[in-house]
Amino acid sequence: MTFSHGNERWPVRVRSEHGEVLGAGMALDDRHVLTCAHVVSAGGETASPGTEPTWPVLVDLVGQAVSRTVPARVMPGCWWPPTDDGRGDITLLELAEPVPQGPFAPLRRMRRTWDRRVIMYGFPETLEHGVFVEARLTGRSGAGRERIQMVSATTGPQVSQGFSGAAVVDADTGHVVGMVVSTYQDGDRDVVGGAEPGSGLSWMIPVETILSRLSWIRDQVPGESSVDLSFRSVEDTPADPRVARQLVDFFGRELPGNVLVIVIDHRDSGVAAAVRQAAVLSSRELRPPTDPHQDVVAPPIGSIDLAVDAADRSTKDVSQRIADWAGAADAATTAPDSDRVIETAPRSIIINNIDEAAEPETLLTEVVLPLVDQAPTRDLRMLLTFRGESIRLRTTLLASRVAGLQTAEEAVRRASRRAMAVVADVPRLQPVATELRIQLTKLRAAAATTDGDTLAALLASTERATDRALRRAESVRREIVAREDLWSELRGRLGAYLAMAVQHGFSEDAVLGTSYRRAYELLMAAPCDLVVTEVAVRQYAEAVAQRVGGQPGGSGS
């Protein structure tokens, strides 16, 4: 269902004391308006860029049935001007008198940031009453990944000067997921609030980043943070530097593998501290503002989508937590909890203390294993932690992954046989599932006789080997598919240029005919040498384009 826009009562327009339109904003309650710091800065001059403005601005309550204008000033302690590297640019205005009763801007934390349709309402200089612009989110960007890039159609209304501070509204739910901010550098000229006209580019500050500065309004934002409260506890024990670096590389996708299993001996250990540090410092909302030049051992901001502590929680609670994070509550669904977890799974997740869940075996079977099975094909990153060695649980997890590896290797074999009938140099995969299954059997047999430390080390080694094998199988499968796709694309391109040649009367052209036959024969040879064939198809395409472009009245394209 798409939300009906245009009747919101909380949008505002911000003007200088002299009436000049500075930008937009949104009412958070009856006394406070959220906007960009540079919007207020444009209304006066300070001794230095970081100095909190003292002058008033005018806030037009354009969303009300009868528009009113109320003076406002920056609320003390709520001033974060834009930094040189593009962070900050947030402020809160305090109105001189309360505004009429809400509803007020419905801020929500944003989960998925790719291809999400959003709507903004801003006030360009030539449109006194404002204009709506539709755009799509295209992913994280900027210093510290604090911002989200947006792209609107290059025809029709676009984000431009006068949109800064405007709410970015999810088109499907009506929730405010961010605030328009961008400063676009064009040579020596700054274009604030959008990019060069016609580019369709703009940027927003997501709600999570806003909450990192305005933590006191978190209670007004429904839903939970992406990091469970237990990760935020402050302990005296420093993070284990080796584990901290491993987590940075793992979630930064510098390490191969999709699943990382870590055993945490006790809550106050350096390993536990490293896991908590990674979860908190990767969060836009929870990571404290730091000097960009400070060396912080933490995964990139936004690289961990969700951190869940399973201790003492039921399987249903954990499943619901993942589904809620993904926004399942925004859309009606009749799918079982476990199915919703699979459909809406984050790209990176921590599930902490699995063996201390209320139902460890059920949690493993119904939530963890379905996600693990998807990890290679969806390139999920999963950190799974256990408070103890949990040999039995981890062996169950390993058995499922080895079975998945066997299925993956069989899929690669089928794809390889199919591809070898068409193209040459198909990559081969050395299967290891049988070897790992034998190793798993030995591990189970050794459980009764081998000491705990030795068994745990063997299990950890087999876990790592299985993950490497799953990644390798998926990588080979994708390479095979890519080679098949290239063959199909070359065949389509050759046919398209043949049709162009015929359409323009070159069906009897001897040179083109020779070039076409060579490319066609190379393409249809079994197996096809894609490197040589791609060159031949390109040469034919260029020859056709040259002939067509040289015709009287012909286009060169």
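From a predicted model like this one, the values you see are computed outputs, not experimental measurements.

*Asks:* For this particular structure, what's the right way to read the overall build of the protein chain?
*Replies:* For the protein chain, the helix and strand inventory stands at 12 helices and 18 strands. Each of the 557 residues in the protein chain was classed as buried or not, and the buried ones make up 49%. Within the protein chain, counting contacts between residues at least 6 apart in sequence, those at least 24 apart form 70% of the total. As displayed, the protein chain offers around 26,000 Å² of accessible surface, 51% of which is attributable to carbon and sulfur atoms.

*Asks:* Help me understand the sheet that holds strand β3 (residues 32–35) in this model?
*Replies:* In a beta sheet, neighbouring strands pair by backbone hydrogen bonds and run either parallel or antiparallel. The strand order around the closed barrel built from six strands is β1-β2-β3-β6-β5-β4, with neighbouring strands paired in antiparallel fashion. Sheet twist, expressed as the average angle between the axes of neighbouring strands with direction ignored, equals 40°. Here strand β1 (residues 11–15) pairs with strand β2 (residues 21–27) via five bridges, running antiparallel. The partner of P11 across the bridge, within β2, is M26.

*Asks:* Is there a simple way to think about the pattern of salt bridges in this case?
*Replies:* A side chain of one charge can pair with a side chain of the opposite charge if their charged atoms are brought near each other. For the structure on display, the rule yields 28 salt bridges. In this structure, E224 engages R321 in a salt bridge whose closest nitrogen and oxygen atoms are separated by 3.9 Å. Of this pair, E224 sits in the loop between α2 (207–213) and α3 (241–251) while R321 sits in helix α5 (residues 315–325), and the two are 97 residues apart along the sequence. The class for R321 is buried, based on a relative accessible area of 4%. Taking the shortest distance from any N to any O, the salt bridge between E542 and R538 comes out at 4.0 Å.

*Asks:* Can you walk me through the packing of helix α7 (residues 360–378) against helix α10 (residues 452–503) in this structure?
*Replies:* Packed helices, taken two at a time, are described by the angle between their axes plus the distance between the axes. Taken N-terminus to C-terminus, the directions of α7 and α10 make an angle of 45°; their axes are 9 Å apart at the nearest point. Judged on the interaxial angle alone, α10 and α7 are oblique. Each of P376, T377 and R378 in α7 lies in contact with α10, whose residues at this interface are L470, E474 and R478. Split into classes, the residues belonging to the contact of α7 with α10 amount to two nonpolar, one polar and three charged.

*Asks:* When you look at the side chain of D305 in this model, what are you seeing that I'm missing?
*Replies:* Positionally, D305 belongs in the loop between α4 (270–281) and β16 (306–309). Separated by 2.8 Å, the side chain of D305 and the backbone nitrogen of R347 make a polar contact. The contact partners of D305, leaving out residues within four places of it in the chain, are R140, S226, W325, P346, R347 and S348.

*Asks:* Got a minute to help me understand unusual backbone geometry in this structure?
*Replies:* Only a minority of non-glycine residues have a phi that is not negative, and only a minority of peptide bonds are not trans. In this model, A526 is joined to P527 through a cis peptide bond whose omega is 0°. One non-glycine residue, D425, lies in the positive phi region at around 55°. Tracing the chain through its elements places D425 in the loop between α8 (391–420) and α9 (433–446).

*Asks:* Help me understand the sheet that holds strand β17 (residues 348–352) in this model?
*Replies:* If you trace the four strands from one edge of the open sheet to the other, you get β15-β18-β17-β16, paired in parallel fashion. The sheet terminates laterally at β15 (259–263) and β16, the two strands that pair on one side only. Ignoring which end each strand starts from, the neighbouring axes of this sheet average 15° apart. Where β17 lies against strand β18 (residues 381–386), four bridges are found, and the strand directions are parallel. Counted as the bridge partner of I350 is L383 from β18. Against the sheet, α5 contacts β16 and β17, and its axis sits at roughly 160° relative to β16. The strands touched by α8 are β15 and β18; relative to β15, the strand with the most contacts, the crossing angle is about 170°.

*Asks:* So what exactly am I meant to see when it comes to the confidence of the model for the protein chain here?
*Replies:* The predicted model of the protein chain averages 84 in pLDDT, with 88% of residues at 70 or higher. Contacts from residues 183–192, a stretch scored under 50 in pLDDT, to residues over four places away or in other chains number 19 contacts. The model gives residues 553–557 a pLDDT under 50, and that stretch makes five contacts with residues more than four places away or in other chains.

*Asks:* Explanation requested: the packing of α3 against α4 in the structure shown.
*Replies:* As a packed pair, α3 and α4 sit with axes 8 Å apart at the nearest point and diverge in direction by 35°. Crossing handedness for the pair α3 and α4: right-handed. In this structure, α3 uses V243, A244 and L247 to contact α4, whose residues at the interface are V271, A274, V275, Q277 and A278. For the contact of α3 with α4, the class distribution of residues is seven nonpolar, one polar and no charged.

*Asks:* Is there a simple way to explain the environment of L247 in this structure?
*Replies:* Here L247 lies in helix α3. A relative accessible area of 0% places L247 in the buried class. L247 sits 27 residues away from A274 along the chain, and the two C-alpha atoms are 8.1 Å apart. Residues in contact with L247, not counting those within four places in the same chain, are G252, L260, I262, A274, V275, A278, P299 and L383.

*Asks:* Is there a simple way to explain the packing of aromatic side chains in this structure?
*Replies:* A ring pair, where both rings are aromatic, is described by two values, the distance of the centres and the angle of the planes. Going through the model one piece at a time under the given rule, you end up with five aromatic pairs. For the pair F250 and F251, a centre-to-centre distance of 5.0 Å together with 75° between the ring planes defines the contact as edge-to-face. Exposure class is identical for F250 and F251. Each is buried. Here the aromatic cluster, defined as three or more aromatic residues joined through ring pairs, consists of Y121, F123 and F132. Between the NZ or CZ atom of R381 and the centre of the ring of F250, over which it lies, the distance is 5.0 Å.

*Asks:* Before we go on, may I ask you to explain the nonpolar core in this structure?
*Replies:* Within soluble globular proteins, side chains that are nonpolar generally end up buried alongside one another. Counting residues in hydrophobic clusters, the biggest one holds 43 residues, and the most contacted among them are M26, L34 and L107. Ranked by size, the runner-up nonpolar core spans 38 residues in total, among them L443, L459, A501 and C528.

*Asks:* What am I meant to see in the pairing of strand β11 (residues 176–180) here?
*Replies:* Every other side chain in a regular strand lies on the same face of the sheet, so the side chains alternate between the two faces. In terms of burial, β11 is largely enclosed, as five of its five residues are buried. As defined by bridge partners, strand β10 (residues 167–170) adjoins β11 across three bridges and the pair is classed as antiparallel. Its bridge partner being in β11, V169 is matched across the sheet by V176.

*Asks:* Got a minute to help me understand the pairing of β18 in this structure?
*Replies:* Burial analysis of β18 places six of its six residues in the buried class, the great majority of the element. Of the two faces of β18, both are covered, the one formed by R381, L383 and T385 as well as the one formed by M382, L384 and F386. Across five bridges, β15 lies against β18 in parallel orientation. The partner of V263 across the bridge, within β18, is F386.

What counts and what doesn't
- Residues numbered from 1 in each chain as written.
- Predicted model: local features only at pLDDT ≥ 70, side-chain atom pairs only at ≥ 80, totals over all residues.
- Heavy atoms only, no water.
- Helix = DSSP H or I, 4+ residues; strand = E, 2+ residues; numbered from the N terminus.
- Buried < 20%, exposed > 50% of the residue type's maximum accessible area, 1.4 Å probe, protein only.
- Contact = heavy atoms within 4.5 Å.
- Areas by Shrake-Rupley, 256 points an atom, 1.4 Å probe, with all protein chains shown as cover.
- Pairing = 2+ DSSP bridges.
- Axes fitted to C-alpha atoms, helices over the stretch in contact; angles between N-to-C directions.
- Salt bridge = Lys/Arg side-chain N within 4 Å of Asp/Glu carboxyl O.
- Parallel < 35°, antiparallel > 145°, perpendicular 65-115°, else oblique.
- Nonpolar A, V, L, I, M, F, W, Y, C, P; charged D, E, K, R; others polar.
- Polar contact = N/O pair within 3.5 Å; in protein donor to acceptor, adjacent residues only side chain to side chain.
- pLDDT = per-residue confidence, 0-100.
- Left-handed = near helix turned anticlockwise from the far one by under 90°.
- Phe/Tyr/Trp six-rings, centres within 6.5 Å; stacked < 30°, edge-to-face > 60°.
- Lys NZ or Arg CZ within 6 Å of the ring centre and 35° of its normal.
- Core = buried A, V, L, I, M, F, W, Y, C linked by side-chain atoms within 4.5 Å.

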